[in-house]
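Examining the three-dimensional arrangement
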Amino acid sequence: MIPVRLAKGFTLIELMITLAVMAIVVAVGYPMYTDQVLKSHRVDAKSVLMQVALVQERFYVVNGTYGTAVQLGAEYTNVINGVDRDGDGDGNGDYYTFAVDEDPDNNALTDDFLLTAATAGAQTGDADCATFTIDQTGARAATGADTDNCW
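This report concerns the structure included in the present document.

Reading the values: rules and limits
- Residues numbered from 1 in each chain as written.
- Predicted model: local features only at pLDDT ≥ 70, side-chain atom pairs only at ≥ 80, totals over all residues.
- Heavy atoms only, no water.
- Pairing = 2+ DSSP bridges.
- Helix = DSSP H or I, 4+ residues; strand = E, 2+ residues; numbered from the N terminus.
- Axes fitted to C-alpha atoms, helices over the stretch in contact; angles between N-to-C directions.
- Contact = heavy atoms within 4.5 Å.
- Expected span 1.5 Å × (residues − 1).
- Bend = angle between axes of the 7 residues up to and from the residue.
- Buried < 20%, exposed > 50% of the residue type's maximum accessible area, 1.4 Å probe, protein only.
- Disulfide = S-S within 2.5 Å.

To summarise the sheet geometry, strands pair through backbone hydrogen bonds and adopt either a parallel or an antiparallel arrangement. The strand order β1-β2-β3-β4 describes an open sheet built from four strands, whose pairing is antiparallel. The sheet is open, and its two edges are formed by β1 (96-101) and β4 (140-143), each paired on a single side. When the angles between neighbouring strand axes are averaged without regard to direction, this sheet yields 15°. Here helix α1 (residues 12-63) sits on the sheet in contact with β1, β2 (114-119), β3 (131-135) and β4, set at roughly 20° to β1.

We now examine helix α2 (residues 69-81). Since the α-helix packs 3.6 residues into each turn, any two residues three or four apart lie on the same face. In this model α2 runs just 13 Å from its N-terminal to its C-terminal C-alpha over 13 residues, more than 12% under the 18 Å that 1.5 Å per residue would give. At E75, α2 is bent by approximately 70°, the largest bend along its length. Within α2, burial applies to L72, Y76, V79 and I80.

Before going further, it helps to spend a moment on the state of the cysteines. Counting across every chain of the model gives one disulfide. In this model, C129 is linked to C150 through a disulfide, with the two sulfur atoms separated by 1.9 Å. Looking down the S-S bond of the C129 and C150 bridge, the torsion is -100°, so its handedness is left-handed. Taken as a pair, C129 in the loop between β2 and β3 and C150 in the segment after β4 lie far apart in primary sequence, 21 residues in all. Given the relative accessible area of 1%, C150 is considered buried.

Right, dumping it as structure tokens:
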């Protein structure tokens, strides 16, 4: 009897099965990964809104009114630039644009404010939570397809 030489390595079938399994794992995992990335950016936006609300309250204690973004000055800019991931200093994060409205009811009194974070850049794909708002009473709101899970 002549000894049979044992083959070493992978067959083409084994390689194709491995690639098919990997493709399935990626097809299932990638959407879940991108969803988690969007959620992490939401956390950044909500954190900025809460910090800016505190900046507004400090401004109110000193001045007796709420301020515009310009009046809030460096403290506001530093909070916003904290989520400016590309460091371009444009006054906005890379995934949200932030706005301060010191007179949302248009009564010429600055006794209230409304802070808004709206999706921008890659975050515009986040249809569940498109915008976040918070006002001087701490009331939080959101717009999007699934606002119950935004705040």
